[in-house]
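What the coordinates show
Next come the chains, spelled out residue by residue.
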Number of protein chains: 2
Amino acid sequence: MKYYQREGLLPAGERTAPNQVAYSGEHVQRVRLIRALLETGGLSIAAAKDVISALDASDAPLSETFEVAQHAMSTPRTKESEPSESARARVAAIVVSRGWAFSADNPGIDAAARALDGLSAIGFDAPDAYLEAYASAAASAAAADLRALSERTSRDAIAELMVVGTVLGDPLFAGLRRVAHEDATHEMFATQSPK
Amino acid sequence: MKYYQREGLLPAGERTAPNQVAYSGEHVQRVRLIRALLETGGLSIAAAKDVISALDASDAPLSETFEVAQHAMSTPRTKESEPSESARARVAAIVVSRGWAFSADNPGIDAAARALDGLSAIGFDAPDAYLEAYASAAASAAAADLRALSERTSRDAIAELMVVGTVLGDPLFAGLRRVAHEDATHEMFATQSPK
DNA sequence: ACTATCGGATAGTGCTACTATCCGATAGTG
DNA sequence: CACTATCGGATAGTAGCACTATCCGATAGT
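Please read all numbers here as calculations on a predicted model, not as lab measurements.

**Considerations on the relation of the copies chain B and chain A**
- Once chain B is rotated about the relating axis by 180 degrees and shifted along it by 0.0 Å, it coincides with chain A to within an RMSD of 0.0 Å. Considering both components of the superposition, the chain copies are consistent with a two-fold axis. Among all residues of chain B, the one whose C-alpha sits closest to the rotation axis is B:A137, at a distance of 2.2 Å.
- When the interface residues of chain B are mapped onto chain A, 98% of them again lie at the interface, so the same face is used by both copies.

**Focus: the protein's contact with DNA strand D**
- In the vicinity of DNA strand D there are 16 residues, among which A:Y3, A:R6, A:I45, B:K2 and B:R15 approach most closely.
- The sugar-phosphate share of atoms of DNA strand D within 4 Å of the protein amounts to 66%.
- Contacts to DNA strand D include A:I45, whose backbone N or O atom sits 3.3 Å from a phosphate oxygen.
- Measuring from a base nitrogen of DNA strand D, one finds a side-chain N or O atom of B:K2 at 2.5 Å.
- Sorting the residues of the surface near DNA strand D by element identifies α1 (2–6) of chain A together with α1 (2–6) and β2 (20–22) of chain B as the ones contributing at least two each.
- Of the residues forming the surface near DNA strand D, the biggest block, three residues, is contributed by α1(A).
- Residues of the surface near DNA strand D, tallied by class, amount to seven nonpolar, four polar and five charged.

**Regarding the interface of chain B and chain A**
- The interface of chain B with chain A comprises 89 residues on the first partner and 88 residues on the second.
- Buried surface at the junction of chain B and chain A, summed over both partners, amounts to about 8,000 Å²; 68% is from carbon and sulfur atoms.
- Taken together, chain B and chain A are joined by four salt bridges.
- B:R177 is paired through a salt bridge with A:D170; the nearest N and O atoms lie 3.3 Å apart.
- Of all elements in the fold, only α2 (25–40), α4 (62–73), α5 (85–97), α6 (107–120), α7 (128–150) and α8 (155–188) of chain B reach the threshold of two or more residues within the side of chain B that touches chain A.
- By residue number, the principal contributor to the side of chain B that touches chain A is α8(B), which donates 26 residues.

**Concerning the pattern of salt bridges**
Residues and elements named next belong to chain B.
- What the rule picks out here adds up to 18 salt bridges over all chains.
- The partner of E39 in a salt bridge is R35, with the nearest N and O atoms 2.6 Å apart. Here E39 pairs with R35, and both are found in helix α2, just four residues apart, close to one helical turn.
- Its relative accessible area of 32% is what places R35 among the partly exposed residues.
- Among the ionic pairs, R88 bridges to D110, the shortest N-O distance being 3.3 Å. Highlighted residues: R88 in helix α5 and D110 in helix α6, separated in sequence by 22 residues.
- Residue classification places R88 among the partly exposed positions, given a relative accessible area of 25%.

Definitions and cut-offs
- Just so you know, the residues in each chain are numbered from 1, in the order the chain's sequence is written.
- In the order they appear in the text, chains get letters beginning with A and ligands get numbers beginning with 1.
- Under the rules for a predicted model, residues below a pLDDT of 70 receive no local features and side-chain atom pairs below 80 are neither given nor counted, while totals for whole chains, interfaces and linings still include all residues.
- Heavy atoms from the whole structure form the basis of all side-chain values; hydrogens and water molecules are not counted.
- The copies were overlaid with a least-squares fit restricted to C-alpha atoms from residues scoring a pLDDT of at least 70 in each copy.
- When checking whether two residues touch, look at their non-hydrogen atoms; a contact exists if any pair is within 4.5 Å.
- Put simply, a residue is near a molecule or strand once any heavy atom of it comes within 4 Å of that molecule or strand.
- Under the rule applied, a polar contact is a pair of N or O atoms within 3.5 Å (in protein, one hydrogen donor and one hydrogen acceptor; residues adjacent in sequence only if both atoms are side-chain atoms).
- Secondary structure elements are taken from DSSP: a helix is a run of H or I of four residues or more, a strand is a run of E of two residues or more, and numbering for both begins at the N terminus.
- Note that Gly is not counted as nonpolar here; it falls among the polar residues with everything else outside the nonpolar set of Ala, Val, Leu, Ile, Met, Phe, Trp, Tyr, Cys and Pro and the charged set of Asp, Glu, Lys and Arg.
- Accessible area that two parts lose when put together, evaluated with a 1.4 Å probe and summed over both, is termed the buried area.
- A pairing counts as a salt bridge when a side-chain nitrogen of Lys or Arg comes within 4 Å of a carboxyl oxygen of Asp or Glu.
- Each residue is assigned to one of three classes by its accessible area relative to the maximum for its type, calculated with a 1.4 Å probe on protein chains only: buried under 20%, partly exposed between the two thresholds, exposed over 50%.

Printed below as a string of structure tokens:
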């Protein structure tokens, strides 16, 4: 906690006396947020710092705040190698066919392309139907994110949800997909008894 | 590379002479797979080792192989705290309402619950519609995974795709969701010029 | 006055994922 | 057949990250 303050993640508490500091409920919430970003979102301290300072910069335009969140997520813990050009083209093709507007340097393209490269390392060249299913799942999730955003009124509340939702949406999906997998395999290997 | 051999991720090459070793194309595929697991999948060396030794254990039952993959993904880089009981209940309710069969200790439940906790740390209590959207996205992805599996014939090929697909499906989705986000925000902030 | 506690600063720790160096032996070359 | 260059293998060292422990001076309470 003193460590987080040092790193600039957590503001100092309110001075009540020269050697006493009081922490409000807001601080507690902030700590929870930091831990969620670090543990659940898998961000590094540096990335989390970028995210929370974007949250606190209430005067920055929303689009900029969003970019910070996108960027924080693509700060990998281990260095990432370049995806193959064919995988990138594959992803771009699927995305274009869905009519999405995107810029060529969107790091999501590379991230998806790297996943495709990994799959082809075991000889699985993802068919269009597979990619389409994932793209459509991603579109549904993104649409849900947007709807959630539109229900908030204040600029700060929108910025917060935008940033945190960007980071925490992935683990939310990942967890649910794992449960869905278990359900699917229950049917596949009917050997184990259900629930 | 020698490091990977030391850690048991990569088998030794074929001896051609007492001090010469030849590497086949299989080795380079294996290296690609390892790097995909580590960099793209975000696994630790230890988790990747579990995964690849599960792949090589061709005689283990498929359900067991699958569990190894599930477990490897839930080996976090930073220690994870317990999710709140209410968030767990929330996830369980959504999952039950979809009629999924799952065991109470499925780590996906906790992962999703932690994400929910993080969201509520900024005052966002995910509405049912939001969770439903993510659950349905997860179901579609899981179904696509299953279909891909069913197109492979040999037991080894199925095990491989099961394990690697479990690990790499998340980053694939994550990348695509980020592109979808950019598309969505393009419409939201019509200030920047498209493409 | 006296001690106990607090905030703040500095230095140290444990872990992970590599990387560099050394060494003895063999492969290729004249 | 000698000589050097290279190779695999083993051991030790490194860099970065996320903390954690210790010290210190000052103030709060008795």
